[in-house]
Amino acid sequence: MHTIALEEHYATQALLDAPTVSRQFDIGSFPQMKANLFDLDAGRIAAMDAAAIDLQVLSLMAPGLEQFDAADAIAIARDANDQLGAAVLRHPARFAGFAALPSPEPEAAADELERTVQVYGFKGGQISGHIRGRYLDDQFFWPILERAEALQVPLYLHPSPPPRAVIEAIYSGFTPQITALLASGGFGWHVDTALHVLRLILGGAFDRYPGLQVIVGHQGETLPFMLPRFDIAFPSQATRLARPVSAYLRENVHYTFGGFNWTPAFLDLLLQVGVDRIMFSTDYPFASMAAARSFLDQLPVSPVDRERIAHGNAERLLRL
Ligand code: GRE
Ligand code: ZN
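Let me begin by describing the structure that accompanies this report. Treat the numbers as computed from the prediction; the structure is a model and nothing was measured.

### Considerations on the packing of helix H4 (residues 70-90) against helix H5 (residues 106-120)
One can describe the packing of H4 onto H5 by two numbers: an axis separation of 11 Å at closest approach and a directional angle of 15 degrees. Taken as axis vectors, H4 and H5 run roughly parallel relative to one another. Pair H4 / H5 crosses with right-handed handedness. Facing Ile74, Ala77, Arg78, Asn81, Asp82, Gly85, Ala86, Val88 and Leu89 of H4, the residues of H5 in contact are Ala108, Glu112, Arg115, Thr116 and Tyr120.

Structure representation (structure tokens):
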């Protein structure tokens, strides 16, 4: 079975060297993970072969460029995209790309998205969380949404730690390690990504750009569980939106595993949004490719639906 994985990460030295507000952890203490993030050649391909993964659509690890000043973000994005683009050209059957976007400068981010789609055949762009405390519903960023819609490529909304003030207000009071985990992979960055999607919907971004598609990982970042609630909680006379909130979640959002290899979460996602919006991903190297592949193989779905999840939906969305 052909497999296309959509939340697969790499890193560049310039990204790690740049001063940023908060790194999730010091990657230097995890030499093997660091080596895996930097490998865009034989080692990564061998790991993919071992787990029976055919194609990785690669994106920068988080936090990305969202906390940098515009000049740094533009330079680091270009360098990262050129490195990834060169890897895609070396291994076109094994790698594809989501562009790193210098979102602090939205026109430059839109131009970088277009450049990488045209030069390297990138399949979309990635934004990792808030941009110095603002989310994509802020119309300041809408040039990025407009260009993604025009290019017919999706934006992957990846988590990153919530704004510093939010961490201090509601995630602190524990050891630094527990606070950091609570604010990130233990809880915070998932609900923060769910919030990002809700803000886009409630801010009218999909009414303005109805062709825009976003992708979220982690079996929907809690959104499927909450989905019926949204139509009760946000009546259309209050939202003034063209559609109920659930409709945007079923028509403008796609979903991947992202290491959440859990059947109950998958079934909820399947029942709420349908099989056509669910796509395979592993979150390598932060999670195991082999575990994701065996989860895919044992999903309680028909062979046809398994093929949709493994590659068919991605081929349609990314026009592969
Ligand atoms: C992830 O994508 O899951 C991730 C990062 C950076 C640090 C930890 C982590 O992108 O789990
Ligand atoms: Zn990830």
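### Observations regarding the packing of aromatic side chains
All told, the structure shown has eleven aromatic pairs when counted by the stated rule. Centre to centre, the rings of Phe257 and Phe266 are 6.4 Å apart; their planes meet at 80 degrees, and the pair counts as edge-to-face. A relative accessible area of 0% places Phe257 in the buried class. Members of the aromatic cluster, joined through ring pairs, are Phe257, Phe266, Phe280 and Phe295. Note that Arg134 overlies the ring of Phe140, its terminal NZ or CZ placed 4.5 Å from the centroid.

### Things to note about the coordination of the zinc ion (ligand 2)
The protein atoms that coordinate the zinc ion (ligand 2) are Glu7 (OE), His9 (NE2), His158 (NE2) and Asp283 (OD), at distances spanning 2.0 to 2.3 Å. In the primary sequence, the donor residues of the zinc ion (ligand 2) line up as E-x1-H-x148-H-x124-D. With a gap of 274 residues between them, His9 in strand S1 (residues 4-10) and Asp283 in the loop between strand S8 (278-279) and helix H15 (289-298) connect regions that are remote in the sequence.

### Description of the pattern of salt bridges
Close approach of charged atoms lets side chains of opposite charge pair. Counted under the stated rule, the structure contains 13 salt bridges. Arg199 is paired through a salt bridge with Asp137; the nearest N and O atoms lie 2.8 Å apart. Of this pair, Arg199 sits in helix H9 (residues 188-202) while Asp137 sits in the loop between strand S4 (124-128) and helix H6 (142-151), and the two are 62 residues apart along the sequence. Taking relative accessible area as the criterion, Arg199 reaches 35% and is therefore assigned partly exposed. The exposure class assigned to Asp137 is buried, which follows from its relative accessible area of 16%. Between Arg293 and Asp297 there is a salt bridge, with its nearest N and O atoms 3.0 Å apart. Of this pair, Arg293 and Asp297 both sit in helix H15, four residues apart, which is roughly one turn of that helix. Here Asp297 falls in the partly exposed class, since its relative accessible area comes to 38%. Put simply, Glu107, Asp111, Glu114 and Arg147 are held in one network by salt bridges that share partners.

The rules we used
- Residues numbered from 1 in each chain as written.
- Chains lettered and ligands numbered in written order.
- Predicted model: local features only at pLDDT ≥ 70, side-chain atom pairs only at ≥ 80, totals over all residues.
- Heavy atoms only, no water.
- Axes fitted to C-alpha atoms, helices over the stretch in contact; angles between N-to-C directions.
- Helix = DSSP H or I, 4+ residues; strand = E, 2+ residues; numbered from the N terminus.
- Parallel < 35°, antiparallel > 145°, perpendicular 65-115°, else oblique.
- Left-handed = near helix turned anticlockwise from the far one by under 90°.
- Contact = heavy atoms within 4.5 Å.
- Phe/Tyr/Trp six-rings, centres within 6.5 Å; stacked < 30°, edge-to-face > 60°.
- Buried < 20%, exposed > 50% of the residue type's maximum accessible area, 1.4 Å probe, protein only.
- Lys NZ or Arg CZ within 6 Å of the ring centre and 35° of its normal.
- Donors = N, O, S within 2.8 Å, 3.2 Å for Na, K, Ca; no water.
- Salt bridge = Lys/Arg side-chain N within 4 Å of Asp/Glu carboxyl O.

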